Amino acid sequence: MARYCLKQEPTSWFERLSNFLIRKSFVRGQVDKTLFIKRSNNELLIVQIYVEDIIFGAINEALCKEFSNFMQKEFEMSMMGELSFFLGLQVKQMKHGNFLCQTK
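Overview of the structure. (Residues numbered from 1 in each chain as written. Predicted model: local features only at pLDDT ≥ 70, side-chain atom pairs only at ≥ 80, totals over all residues. Heavy atoms only, no water.)

Across all of its chains, the model carries four aromatic pairs by this definition. Residues Phe 26 and Phe 67 carry aromatic rings whose centres are separated by 6.0 Å and whose planes lie at 65 degrees to one another, so their mutual orientation is edge-to-face. Taken together, the residues Phe 26 in the loop between α1 (10-23) and β2 (27-28) and Phe 67 in helix α2 (residues 61-74) connect sequence positions 41 residues apart. Of the two residues examined, Phe 26 and Phe 67, each falls in the buried class. Here Phe 67 and Phe 70 contribute two aromatic rings whose centre-to-centre distance is 5.4 Å and whose plane-to-plane angle is 80 degrees, an arrangement assigned as edge-to-face. Remark: Phe 70 and Phe 67 occur in helix α2; sequence separation between them is three residues, near one turn of the helix. Phe 70 sits in the buried class, given a relative accessible area of 11%. Three or more aromatic residues joined by ring pairs form one cluster here, namely Phe 20, Phe 26, Phe 56, Phe 67 and Phe 70. Taking NZ or CZ as reference, Lys 24 lies 4.9 Å from the ring centre of Phe 70, over its face. (Phe/Tyr/Trp six-rings, centres within 6.5 Å; stacked < 30°, edge-to-face > 60°. Helix = DSSP H or I, 4+ residues; strand = E, 2+ residues; numbered from the N terminus. Buried < 20%, exposed > 50% of the residue type's maximum accessible area, 1.4 Å probe, protein only. Lys NZ or Arg CZ within 6 Å of the ring centre and 35° of its normal.)

Laid out in structure tokens, this is it:
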């Protein structure tokens, strides 16, 4: 999982971002309209938008790199690094899985 921060107005870029992801074969979540999913050859890439942050992850690291590359070509954004804290949750990424903790 990784986190990006977009450098644009939230209301103006969300529609553009949504349309861009849909053109890239993502499907918008039925319940959560800020969740986007791309399935390809038994692979899954999940993208969650929260205000101006984009959190994404996949089991296949190549999908994450591909996503990162085409997003940086389309949008002015900065990579915030591996996800470690989000919405009050601590995230610990390990070789055999991710752990979420709410102690802080």
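As defined by bridge partners, β2 adjoins strand β3 (residues 35-40) across two bridges and the pair is classed as antiparallel. Along β3, the bridge assignment pairs Val 27 with Ile 37. Two strands pair when backbone bridges link them, and β3 and strand β4 (residues 43-50) are joined in this way by six bridges, in the antiparallel orientation. When the sheet's bridge partners are listed, Lys 38 is paired in β4 with Leu 45. Joining the antiparallel neighbours β3 and β4 is a turn of two residues, in which Asn 41 adopts a positive phi near 50 degrees. (Pairing = 2+ DSSP bridges.)

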